[in-house]
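Listed below are the residues making up each chain.
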Amino acid sequence: MGMWSQGIEQWVRQAERLTPLPDTERLLLLDQLLAQQSLDELLATFASQVARIVRIRSLRFEGNQSYNLLSGEGAPHHHSAEIRAQTMRLGVLHYGFEQPLGGSQLRLLQQYHHLLALPLRLMLRVEQLQQQVRLDYLTGLGNRAHFDESIGRAVEQNCREASGLVLVLLDLDHFKQINDTWGHPAGDMVLSRFAHLLRDVIRTSDQAFRLGGDEFALILQPAESHAWQPVWHRLDEQLKLHRELSTFSVGCSLGAASWKSGMNVHQLYELADADLYLHKQQRR
């Protein structure tokens with residue numbers, strides 16, 4: 001606690017040296033930022049507060065991920081600011097302005113950035129821990145809990161505004177034989193390599209999960225009803241070309257279901273699971 005308190009005190013002293021933001025406004029802004037419950041909320045609150053002091057056409061935060069906070073095209077003036085907490089680089093804010101900023105505006109913006117640094121560092125750490133909890137330890141894909149959360153959110157989004165959603169379920173053919181013949185280290189390698197292929201054959205807007213054992217899932221969104229077909233063709237081709245997986249004759253079966261209006265998560269999953277069972281029977 002002592003080292004942490006010293007760090008806070010140093011951060012406060014640095015903030016006080018950055019003028020011209022009054023103490024009451026600085027504390028109010030800090031309270032508002034610290035009160036946010038997620039990284040999205042924190043960045044959105046910061047963007048709304050900055051928009052009160054300067055006219056912003058666009059604003060984007062780039063860290064481990066990119067967040068478009070204000071989307072506007074054709075801004076004639078640009079400014080980028082690195083956000084740091086002591087020696088740690090947290091990310092970069094990219095602004096688009098309608099008018100160039102004066103010296104006093106830049107100094108005020110600098111103080112806003114300094115106030116953002118502390119809650120941003122805390123929130124990024126929380127996000128990192130939450131992400132670790134949601135990841136499968138072996139493959140790095142989302143785990144079952146993350147899948148349940150994500151498919152529920154995807155269905156809710158399509159209920160509000162249908163953009164197309166396809167659920168794909170996959171499992172490896174004869175995976176038990178690989179474990180029995182070559183041992184669990186070989187089986188773990190196969191799962192890890194297969195997960196890597198899944199990441200390669202989907203778009204950045206799609207999501208991949210390991211549900212457990214040799215069972216995997218993909219959430220394709222936005223997607224047409226047959227969006228699973230090109231994914232399947234790419235995956236099948238990559239399995240044949242992969243040096244290690246082809247050595248073990250790794251294959252997989254796939255089942256897919258497209259969300260329809262009024263369908264809940266359970267119904268969508270049951271349709272995809274039934275399609276997977278059908279394809280497994282056909283492959284046998």
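Residues numbered from 1 in each chain as written. Predicted model: local features only at pLDDT ≥ 70, side-chain atom pairs only at ≥ 80, totals over all residues. Heavy atoms only, no water.

Participant: Would you mind going over the sheet that holds strand β4 (residues 88-97) in detail, with residue names and values included?
Facilitator: Ordered in space as β2-β1-β4-β3, the four strands form an open sheet in which the pairing is antiparallel. Two strands close off the open sheet at either side, each with one partner strand: β2 (66-70) and β3 (77-85). Looking at each pair of strands side by side, their axes are set apart by 20 degrees on average, direction ignored. The sheet strands contacting helix α3 (residues 39-50) are β1 (56-62), β2 and β4, and the helix crosses β2 at an angle near 35 degrees. On the sheet, helix α4 (residues 103-134) packs against β1, β3 and β4 and is oriented at approximately 135 degrees with respect to β4. (Pairing = 2+ DSSP bridges. Helix = DSSP H or I, 4+ residues; strand = E, 2+ residues; numbered from the N terminus. Axes fitted to C-alpha atoms, helices over the stretch in contact; angles between N-to-C directions. Contact = heavy atoms within 4.5 Å.)

Participant: An account of helix α6 (residues 175-182) is requested, with residue identities and associated values reported.
Facilitator: Residues of α6 that are buried include every one of Phe175, Ile178 and Asn179, and no others. End-on, the buried residues of α6 take up no more than an arc of 95 degrees, which puts them together on one face. Turned more than 90 degrees away from the buried face of α6 sit Lys176, Gln177, Asp180 and Thr181, all of them exposed. Contacts made by the buried residues of α6 are with β5 (166-172) and α7 (184-201). (Buried < 20%, exposed > 50% of the residue type's maximum accessible area, 1.4 Å probe, protein only. Arc of directions from axis to C-beta.)

Participant: Describe the side chain of Asp214, and please don't skip the residues or the numbers.
Facilitator: With respect to the helices, strands and loops of the structure, Asp214 is situated in the loop between β6 (207-212) and β7 (215-220). In this view, Asp214 contacts Leu170, Asp171, Leu172, Phe175 and Leu191; residues no more than four positions away in its chain are not counted.

Participant: Can you tell me about the sheet that holds β5, naming the residues and giving the values?
Facilitator: As summarised here, the arrangement of the four strands in space is β6-β7-β5-β8, forming an open sheet in which the pairing is antiparallel. Only two strands of the sheet have a single neighbouring strand rather than two, namely β6 and β8 (252-258). Across the sheet, the mean angle separating the axes of adjacent strands is 20 degrees when strand polarity is ignored. Where β5 meets β8, seven bridges bridge the pair, whose relative direction is antiparallel. The residue bridging Leu167 from the neighbouring strand is Ala257, located in β8. Running over the sheet, α7 touches β5, β6, β7 and β8 and is turned about 10 degrees from β7. Across the sheet, helix α8 (residues 228-241) touches β5, β7 and β8, and the angle it forms with β8 is around 170 degrees.

Participant: Residues and numbers for the environment of Gln238, please.
Facilitator: In this fold, Gln238 is placed in helix α8. Along the chain, Gln238 and Gln32 lie 206 residues apart, while their C-alpha atoms are 49 Å from each other. Setting aside residues no more than four positions away along its own chain, Gln238 makes contact with Leu197 and Val201.

Participant: Any chance you could break down the environment of Gly213 for me, citing the residues and the numbers?
Facilitator: The residue Gly213 is located in the loop between β6 and β7 in this model. Residues Gly213 and Val166 lie 47 residues apart in sequence; the distance between their C-alpha atoms is 22 Å.

Participant: Give a detailed account of the side chain of His113, specifying residues and quantitative values.
Facilitator: Positionally, His113 belongs in helix α4. If near-sequence neighbours (up to four positions away) are discounted, His113 is found in contact with Phe46, Ala81, Ile83, Leu93 and Tyr95.

Participant: So, the pairing of β2: which residues are in play, and what are the values?
Facilitator: Pairing of β1 with β2 involves four bridges; the strand directions are antiparallel. Residue pairing across strands places Phe61 opposite Tyr67, the latter belonging to β2. Here β1 folds back onto β2, and the loop between the two strands holds three residues.

Participant: Before we move on, could you go through the nonpolar core and cite the residues and values that matter?
Facilitator: Counting residues in hydrophobic clusters, the biggest one holds 33 residues, and the most contacted among them are Val168, Leu170, Val190, Leu198, Leu218, Leu220 and Leu235. Residue assignment for this core shows that the elements contributing at least two residues are β5, α6, α7, β7, α8 and β8. Looking at this core, the element that brings in the most residues is α7, giving nine residues. If we skip the residues at most four places from it in the chain, Leu235 touches Leu170, Phe194, Leu197, Leu198, Val201 and Cys252. Membership of the second largest hydrophobic core comes to 30 residues, among which are Val54, Phe61, Leu90 and Phe97. (Core = buried A, V, L, I, M, F, W, Y, C linked by side-chain atoms within 4.5 Å.)

Participant: Go over the pattern of salt bridges, please, and point to the residues and values.
Facilitator: Within the structure shown, the criterion is met by 14 salt bridges. Among the salt bridges present, the one from Glu98 reaches Arg55, with a minimum N-O distance of 3.0 Å. Taken together, the residues span a long stretch of sequence, with Glu98 in the loop between β4 and α4 and Arg55 in the loop between α3 and β1 at a distance of 43 residues. By relative accessible area, Glu98 is classed as partly exposed at 26%. Looking at Arg55, the relative accessible area reads 61%, which means it is exposed. Between Glu82 and Arg89 there is a salt bridge; the shortest N-O distance is 2.7 Å. Within the structure, one salt-bridge network assembled from shared partners comprises Arg55, Arg57 and Glu98. (Salt bridge = Lys/Arg side-chain N within 4 Å of Asp/Glu carboxyl O.)

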